[in-house]
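Descriptive structure summary
The primary structure of each chain is shown beneath.
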Amino acid sequence: MNPQLLDILCCPSTKVPLRLLRADELEAVNRALASAGDHGAAPSGAWTAGLITRDRRTLYRIDDDIPVLLADAALAVADIAQFPAA
């Protein structure tokens, strides 16, 4: 993802800045999605990339290098079992 774009992206609901998900965070999201079904997942069933608010409350997927910043498509970190600590 373009670093300049990442610098200006924020959560559409709270306006909190976003950052890319780390590999361990992405793995936790995909484990949770696999156990819950396809809710919010890309067509393949797993996220290939994602964004998280800097307050670590909300997750957004990235499809084909395009952030999906829709409140209805967001996931709450609280809903992800064993989400890695900061």
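Residues numbered from 1 in each chain as written. Predicted model: local features only at pLDDT ≥ 70, side-chain atom pairs only at ≥ 80, totals over all residues. Heavy atoms only, no water.

Regarding its fold elements, the protein presents two helices and five strands. Going from N to C terminus, the protein has its helices and strands arranged as α-β-α-β-β-β-β. A principal-axis box enclosing the C-alpha atoms of the protein has dimensions of 35 × 25 × 25 Å. Counting the 86 residues in the protein, one finds 43% classified as buried. In the protein, of all internal contacts separated by at least 6 residues, the share reaching a separation of at least 24 is 52%. Per element, the accessible surface of the protein, about 5100 Å² overall, is 54% carbon and sulfur. Separation of charge centres in the protein, based on 8 positive and 11 negative side chains, amounts to 8 Å. (Helix = DSSP H or I, 4+ residues; strand = E, 2+ residues; numbered from the N terminus. Buried < 20%, exposed > 50% of the residue type's maximum accessible area, 1.4 Å probe, protein only. Contact = heavy atoms within 4.5 Å. Areas by Shrake-Rupley, 256 points an atom, 1.4 Å probe, with all protein chains shown as cover. Lys, Arg positive; Asp, Glu negative; His and termini not counted. Charge placed at Lys NZ, Arg CZ, Asp CG, Glu CD.)

Here we take up the side chain of Glu-25. Residue placement: Glu-25 occurs in helix H2 (residues 23-36). Polar side-chain contacts of Glu-25 include one of 2.9 Å to the backbone nitrogen of Arg-22. Residues within four places of Glu-25 in sequence aside, it is in contact with Arg-19, Leu-20, Ile-52, Arg-56, Phe-83 and Pro-84. (Polar contact = N/O pair within 3.5 Å; in protein donor to acceptor, adjacent residues only side chain to side chain.)

Our next topic: H2. Between the first and last C-alpha of H2 there are 20 Å, a value that for 14 residues agrees with the 20 Å anticipated at 1.5 Å per step. Taken as a whole, H2 has its buried residues at Glu-25, Leu-26, Ala-28, Val-29, Asn-30, Ala-32 and Leu-33. (Expected span 1.5 Å × (residues − 1).)

Moving on, we come to unusual backbone geometry. Of note, Arg-56 is a non-glycine position whose phi angle comes to about 60°, a positive value. Topologically, Arg-56 is positioned in the loop between strand E2 (50-53) and strand E3 (58-63).

Moving on: the pattern of salt bridges. Inspection of the entire model under this criterion finds six salt bridges. Among the ionic pairs, Arg-19 bridges to Glu-25, the shortest N-O distance being 2.7 Å. For Glu-25, a relative accessible area of 0% translates into the label buried. In this structure, Arg-22 and Asp-24 form a salt bridge, with 3.0 Å as the shortest nitrogen-oxygen distance. One network of salt bridges, with partners in common, ties together Arg-19, Arg-22, Asp-24, Glu-25 and Arg-56. (Salt bridge = Lys/Arg side-chain N within 4 Å of Asp/Glu carboxyl O.)

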